[in-house]
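In case you want the letters, here they are:
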Amino acid sequence: MATLDRRTMLKLLAGTPLLAGCDRPSSHGSAQATTPQEKSSPEPTGTSSTPSDSKTDNSKYLSGDGPVRRQIPKLGVSIPIVGLGTWQQFDVGPNSPQMDRLREVVAKMVEHGGELIDSSPMYGRSEEVIGRLVDDLDVRDEVFLATKVWTSGKQSGIDQMNRSFERFQVETVDLMQVHNLLDWRTHLDTLQKWKDEGRLRTIGVTHYTNSALPRLIDVVSDYDIDFVQFAYSIANRAAEDEMLAAAAENDVATLINRPYAQGSLFGRASNRDLPPWAADLDIDSWGQFFLKYLLGDERVTCVIPGTSDPEHVVDNVGAAYGALPDQDERQRMVDYWES
Ligand SMILES: NC(=O)c1ccc[n+]([C@@H]2O[C@H](COP(=O)([O-])OP(=O)(O)OC[C@H]3O[C@@H](n4cnc5c(N)ncnc54)[C@H](OP(=O)(O)O)[C@@H]3O)[C@@H](O)[C@H]2O)c1
């Protein structure tokens, strides 16, 4: 009953009609099934259509299949392969009018089966906004909350992370990452200790530049971390070889930032049609074309496109449904994109 109440509330907050009898399973395709005790695999929740003026085709959500999930190898838990980035988009006043729109973004993400939300103290008020929205929507048990430490010095890191717990309004953070490798050796000690104590479920490191990839590879190879986050898109494929290989070899889950090259891919796509064969890959939009290109590589655990648009979050999470391209199809996607 509690689940139904929360689901009903999500539908109301997201402005979508409640459809009965459309529960999704917790796994799909080759992705690993999750077990009932996993915090990040809630009881199946209902799926629904989006409002009638939505540009997104939502028939796939009604098919009974859930989003594809992939394992976090060292945790033994799976997450859906599309999450949500919050840089810039979620840096708004917690009492500002934009909060209604962001509430809808989070509600729709959860409603359509997304779980991971990525933040950082670097993103202004994002952590506080996420904490409020997750509390408002009563979805703490349905999301995987990731944030970062972004400062120098041990005590400064501890103070900053304690503030993140307060802003998120949580006792446990699902993923704490060292942002842009800033003073990473110092912070990884604290992160490991807090993980051992149960305050953190998983730990990791991030960067966004290609020049940092060799350092990320070293950390992944030499330290016992759960996640590595880096930039990767169809237009920036530098991470495609050594970075993804190192993560896979070391059982480290991967988070992909800037999957749309900060939105610039849409500018290039605006005067082009999707190829006719995109439909065979269950691709409805350019956004899904870009995300499915990345997700076709099984070494990618989760992509985290940033958005403040409720329609875009539905479009993005839609890339976690249906077919994914194999290597030949991925090459065809690159060839088409570059033609
Ligand atoms: N060092 C780090 O740790 C690091 C660095 C960079 C980023 N990150 C993380 O990665 C996340 C993603 O990176 P990003 O936000 O810089 O870039 P991005 O995800 O590549 O692109 C975001 C842009 O794409 C637009 N967009 C999103 N979905 C869309 C859709 N379906 N259709 C059309 N436009 C769409 C957004 O606009 P709308 O708001 O209008 O949708 C926004 O302008 C960040 O939010 C952050 O959480 C981490």
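Residues numbered from 1 in each chain as written. Predicted model: local features only at pLDDT ≥ 70, side-chain atom pairs only at ≥ 80, totals over all residues.

Along the backbone of the chain there are 11 helices and 10 strands. Here the chain holds 339 residues, and 49% of them are scored as buried. Put simply, 79% of the contacts in the chain that link residues at least 6 apart link residues at least 24 apart. (Helix = DSSP H or I, 4+ residues; strand = E, 2+ residues; numbered from the N terminus. Buried ≥ 20, exposed ≤ 12 C-beta atoms within 10 Å, placed from the backbone. Contact = placed C-beta atoms within 7 Å.)

A few words now on the packing of helix 3 (residues 126–137) against helix 4 (residues 154–168). Packing of helix 3 against helix 4 brings their axes to within 7 Å, and their N-to-C directions diverge by 35°. Contacts between helix 3 and helix 4 involve Glu127, Glu128, Ile130 and Gly131 on the former and, on the latter, Ser164, Arg167 and Phe168. Of the residues that constitute the contact of helix 3 with helix 4, the class distribution is two nonpolar, two polar and three charged. (Axes fitted to C-alpha atoms, helices over the stretch in contact; angles between N-to-C directions. Nonpolar A, V, L, I, M, F, W, Y, C, P; charged D, E, K, R; others polar.)

This part takes up the nonpolar core. One finds Val106, Val228 and Val303 to be the most contacted residues of the largest nonpolar core, which totals 83 residues. Broken down by element, the residue count for this core peaks at seven residues, all from helix 9 (residues 286–295). (Core = buried A, V, L, I, M, F, W, Y, C linked by C-beta atoms within 7 Å.)

Positive phi outside glycine occurs at Asp138, with the angle close to 55°. One can find Asp138 in the loop between helix 3 and strand 5 (144–149). Even without being glycine, Gln262 reaches a positive phi, approximately 60°. Here Gln262 lies in the loop between strand 9 (253–257) and helix 8 (264–269).

Further remarks concern the site of the ligand. Around the ligand, the surrounding shell holds 29 residues, and the nearest of these are Gly85, Asn257, Gly263, Gly287 and Gly306. The dominant element in the shell around the ligand, judged by the number of residues it contributes, is helix 10 (residues 310–318), at three residues. Its residues assigned to classes, the shell around the ligand shows eight nonpolar, 17 polar and four charged. (Near = placed C-beta within 6 Å.)

What follows covers the environment of Ile234. As for its placement among the helices and strands, Ile234 is situated in the loop between strand 8 (227–231) and helix 7 (242–249). By the C-beta count within 10 Å, which is 21 here, Ile234 ends up buried. Separated by 58 residues in sequence, Ile234 and Lys292 place their C-alpha atoms 9.8 Å apart. Those residues in contact with Ile234, other than ones at most four positions away along the chain, are Leu265, Phe290, Tyr293, Met333, Val334 and Trp337.

Let's shift gears to the packing of helix 2 (residues 98–111) against helix 10. At a minimum axis distance of 8 Å, the contact between helix 2 and helix 10 shows a crossing angle of 20°. As judged from the angle between their axes, helix 2 and helix 10 are roughly parallel. With respect to the hand of their crossing, helix 2 and helix 10 are arranged in right-handed fashion. Residue-level inspection shows Arg101, Glu104, Val105, Lys108 and Met109 of helix 2 in contact with helix 10, the latter providing Pro310, Val313, Val314 and Val317. Looking at the contact of helix 2 with helix 10 residue by residue, the classes come out as six nonpolar, no polar and three charged. (Parallel < 35°, antiparallel > 145°, perpendicular 65-115°, else oblique. Left-handed = near helix turned anticlockwise from the far one by under 90°.)

This paragraph deals with the sheet that holds strand 5. Pairing between the strands of a sheet is mediated by backbone hydrogen bonds and can be parallel or antiparallel. Strand order in the open sheet formed by eight strands is 3-4-5-6-7-8-9-10, with parallel pairing between adjacent strands. Each edge of the open sheet is held by one strand with a lone partner, namely strand 3 (84–85) and strand 10 (302–303). In terms of strand pairing, strand 4 (residues 116–118) meets strand 5 through three bridges, oriented parallel. For Leu116, the partnering residue across the bridge sits in strand 5 and is Phe144. (Pairing = 2+ DSSP bridges.)

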